[in-house]
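# Per-entry structural report
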Amino acid sequence: QVQLVESGGGLVQPGGSLRLSCAASGFTFSNYAMSWYRQAPGKERELVATISAPGRNTNYPNSVKGRFTISRDNAKNTVDLQMNNLKPEDTAVYYCYAQGTGIYFTRNYWGQGTQVTVSS
């Protein structure tokens, strides 16, 4: 059974930091690129970070570049998102996403999401 379980969300003041974690199981983690997406109320889901299957390449949109860092541990089947200098506009539900690579390219999985609220 495939599972992506996010943790680490919560309430933080502007300028603060949070670290999200996603624990994967039920598939060969090292064959999947991993991403974090977020969705704010009334808005479309947007990509905030991607890391390649081996972990060598990362990508971020301008809105979070320099503030967010994605990392992965293929031995532990986890992917983290370190979020620094958080802003109120970062408030959203954050989702972990797995996209298969190579022969697994048709497979993708979503986590259930974790709420991040940035407010004073």
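In the block above lies the structure referred to throughout.
So, a few notes on the structure that sits alongside this text. Every value quoted in this text rests on a predicted model; they were computed, and no experiment measured them.

## With respect to the overall build of the protein
Of regular secondary structure, the protein possesses 0 helices and 11 strands. Shown N-terminal to C-terminal, the secondary structure of the protein runs as helices and strands in the order β-β-β-β-β-β-β-β-β-β-β. Since a compact globule built from 120 residues should have a radius of gyration of about 14 Å, the 14 Å found for the protein is in line with a globular shape. Each principal axis of the C-alpha distribution contributes one length, and for the protein these read about 45 × 25 × 25 Å. Going through the 120 residues of the protein one by one, you find that 41% of them count as buried. Separation between the mean location of the 11 positive side-chain charges and that of the 7 negative ones in the protein comes to 5 Å.

## Considering the nonpolar core
Residues Met34, Trp36, Val79, Leu81, Met83 and Tyr94 are the most contacted members of the largest nonpolar core, which totals 29 residues. Of all the elements in the fold, those that place two or more residues in this core are β3 (18–25), β4 (32–39), β5 (46–51), β7 (68–73), β8 (78–83), β9 (92–100) and β11 (114–118).

## Here's the deal with the environment of threonine 50
Here threonine 50 is to be found in strand β5. Between the C-alpha atoms of threonine 50 and valine 79, which are 29 residues apart in sequence, the distance is 10 Å. There is a polar contact of 2.9 Å between the side chain of threonine 50 and the side chain of serine 35.

## Quick look at the side chain of glutamine 82
Mapped onto the secondary structure, glutamine 82 falls in strand β8. Among the polar contacts made by the side chain of glutamine 82, one reaches the side chain of asparagine 84 at a distance of 2.9 Å. Setting aside anything within four residues of it in sequence, one finds glutamine 82 in contact with Ser17, Leu18, Arg19, Arg67, Phe68 and Thr69.

## Some details on the state of the cysteines
Across all of its chains, the model carries 1 disulfide by this definition. The disulfide bridge from cysteine 22 ends at cysteine 96, spanning 2.2 Å between sulfur atoms. A torsion of -85° about the S-S bond marks the disulfide between cysteine 22 and cysteine 96 as left-handed. Highlighted residues: cysteine 22 in strand β3 and cysteine 96 in strand β9, separated in sequence by 74 residues. Cysteine 96 shares its class with cysteine 22; the two are buried.

Cut-off values and rules
Residues numbered from 1 in each chain as written. Predicted model: local features only at pLDDT ≥ 70, side-chain atom pairs only at ≥ 80, totals over all residues. Heavy atoms only, no water. Helix = DSSP H or I, 4+ residues; strand = E, 2+ residues; numbered from the N terminus. Rg over C-alpha atoms; globule rule 2.2 N^0.38 Å. Buried < 20%, exposed > 50% of the residue type's maximum accessible area, 1.4 Å probe, protein only. Lys, Arg positive; Asp, Glu negative; His and termini not counted. Charge placed at Lys NZ, Arg CZ, Asp CG, Glu CD. Core = buried A, V, L, I, M, F, W, Y, C linked by side-chain atoms within 4.5 Å. Polar contact = N/O pair within 3.5 Å; in protein donor to acceptor, adjacent residues only side chain to side chain. Contact = heavy atoms within 4.5 Å. Disulfide = S-S within 2.5 Å.

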